[in-house]
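Inside the fold
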Amino acid sequence: MEDTKDQRSVGETVSTAGASSWFCNWFTWSPTSEKLLEEAESQILQKTQSYYESQFVPLGNGQRIWTLKFSPKATRVPLVLVHGFGGGVGLWALNFDALSKNRSVYAFDVLGFGRSSRPQLSSEPLEAEEQFVDSIEKWREKVGLEKFVLLGHSLGGFLASSYALKYPSRIQHLILADPWGFPVKPTEDNMNIHIPVWVKFLGAVLSPFNPLAGLRVAGPWGPSLVRQFRPDFQRKFSSILPDDTIFNYIYHCNAQVPSGETAFKNMTIPYGWAKHPMIYRIGNVNKVVPITMIYGSRSWIDHNTGKETKERRSGCYVDVQVISGAGHHVYVDKPDKFNDLVEGICQNVDNEDSAK
């Protein structure tokens, strides 16, 4: 592995270096860089209280995964966090402290996203999915994890499910937070009833492009575009970030080479359904792997897929939790409830381990 370091030291130079970098990059069409992403992430992580180590974990073939490890000396069952589409490790900022009180918490930028390598991934959806999963397994081998609780949000939930299908012996509990990619695309009749004509028209126009292409086309107006379309993120993180830091972070995560984004697009059909829905496969996860599915009551993700998962895994442990008042980003909409729920799951795993 590459050398680790505590990222807090980086934050001391952020304000002056950031201003200089912004000035220099304003004159390029897309004012972004790996350095600016690093600085935005550092500003977020400064708000966490727990000790952590950070490193690029090499996978081979020149690829590497950006990784944080909180409470590295803890001995209880570790927790691994997998972010969703367009995200990165910084979006777990409201969860790190609470979840790492009793155990090590690992968070990494999925291959093709955040600060991790951005290789060209397969245009075939199942091959791309396998590349994501294999990168997680190579990462696991490099960091030396044997068994762990695996938690994935949105696209991360889809990938965590796929990982559980292939490597069930590594997972002590699978937690899926508002997972994307489970439901099957509705019939055309239902589509016509529930989707407005203008949405279908816009979907047809934009279908040849990556989901976030507009962010990069906007050039120097990209950061303000994030602020305009996702003002809710400032409210979500207002307890620790009173300024535009979260907008800058999201922009820099998505304004660079769209490696993971392109793979995600190739894994979808119009309006965001998965080409190979996970609901058809989740019943094949080894029956000894317990699954908890956490949904936000106000999310656009249909939590009825949790009920269907229970039916497809009859006789296996599947628990479905719906957090009232939370949207798709359930982990930041209601962080205290989410953290308590996840910690309760992890404590049960600890107790089961100690009883063996």
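For the structure itself, look to the data block above.
Everything quoted here is computed from the prediction, not taken from an experiment.

So, about the packing of aromatic side chains. Tallied over the entire structure, the rule returns 14 aromatic pairs. Arranged with centres 5.9 Å apart and planes meeting at 80°, the rings of phenylalanine 85 and phenylalanine 113 form a pair that is edge-to-face. Remark: phenylalanine 113 occurs in the loop between strand E4 (105-108) and helix H5 (125-143) and phenylalanine 85 occurs in the loop between strand E3 (79-82) and helix H4 (96-99); sequence separation between them is 28 residues. Accessibility expressed as a relative area gives 3% for phenylalanine 113, which makes it buried. Between phenylalanine 148 and tyrosine 163 the ring centres are 6.3 Å apart and the planes differ by 40°, which places this aromatic pair in the tilted class.

What follows concerns the pattern of salt bridges. Enumeration according to the criterion identifies 17 salt bridges in this entry. Linking aspartate 232 and lysine 236 is a salt bridge whose minimum nitrogen-to-oxygen distance equals 3.5 Å. Of this pair, aspartate 232 and lysine 236 are both found in helix H11 (residues 232-236), four residues apart, which corresponds to roughly one turn of the helix. Given the relative accessible area of 9%, lysine 236 is considered buried. Notably, a salt bridge pairs arginine 312 with glutamate 308, separated by 3.1 Å at the nearest N-O pair. Note that arginine 312 and glutamate 308 are positioned in helix H14 (residues 304-312) at a spacing of four residues, about one turn of the helix. The class for arginine 312 is partly exposed, based on a relative accessible area of 37%. Within this structure, Lys35, Glu38, Glu41 and Arg115 form a network of salt bridges that share partners.

Once that is clear, we can look at the nonpolar core. The biggest cluster of nonpolar side chains holds 49 residues, and the ones touching the most others in it are Phe237 and Ile246. Looking at which element gives the most residues to this core, the answer is helix H12 (residues 245-254), with six residues. The residues contacting phenylalanine 237, other than those within four sequence positions of it, are Gly90, Leu91, Ala93, Leu94, Ile246 and Val332. Listed in part, the 46 residues of the second largest apolar core include Phe132, Phe182, Ala274 and Ile291.

As a further point, take the pairing of E3. Taking every second residue as pointing to the same face, both faces of E3 are buried, with Leu79 and Leu81 on one and Val80 and Val82 on the other. Here E3 runs beside E4; their pairing, made up of four bridges, is parallel. Following the sheet pairing, leucine 81 is matched in E4 by alanine 107. Here E3 runs beside strand E5 (residues 148-153); their pairing, made up of four bridges, is parallel. Along E5, the bridge assignment pairs valine 82 with glycine 152.

Procedures and definitions
- For every chain, the first residue of the written sequence is number 1, and numbering continues from 1 onward in sequence order.
- Whole-chain, interface and lining totals are the exception, using all residues; otherwise, since this is a predicted model, local features are given only for residues with pLDDT of at least 70 and side-chain atom pairs are given and counted only at 80 or more.
- Working from all heavy atoms in the structure, the side-chain values ignore hydrogens and water.
- Stacked, tilted and edge-to-face pairs are distinguished by plane angle, under 30 degrees for stacked and over 60 for edge-to-face with tilted covering the rest, among Phe, Tyr and Trp rings (Trp via its six-membered ring) whose centres lie within 6.5 Å.
- Segments assigned H or I by DSSP are reported as helices when at least four residues long, segments assigned E as strands when at least two residues long, and all are numbered from the N terminus.
- Any residue under 20% of the maximum accessible area for its type is buried, any over 50% is exposed, and the rest in between are partly exposed; the area is computed with a 1.4 Å probe on protein chains only.
- Only one rule defines a salt bridge in this text: a Lys or Arg side-chain nitrogen within 4 Å of an Asp or Glu carboxyl oxygen.
- Definition of nonpolar core: a set of buried residues of the types Ala, Val, Leu, Ile, Met, Phe, Trp, Tyr and Cys, connected through side-chain atoms within 4.5 Å.
- Residues count as neighbours in contact if any of their non-hydrogen atoms are within 4.5 Å of one another.
- In this analysis, strands are considered paired if DSSP registers two or more bridges between them.

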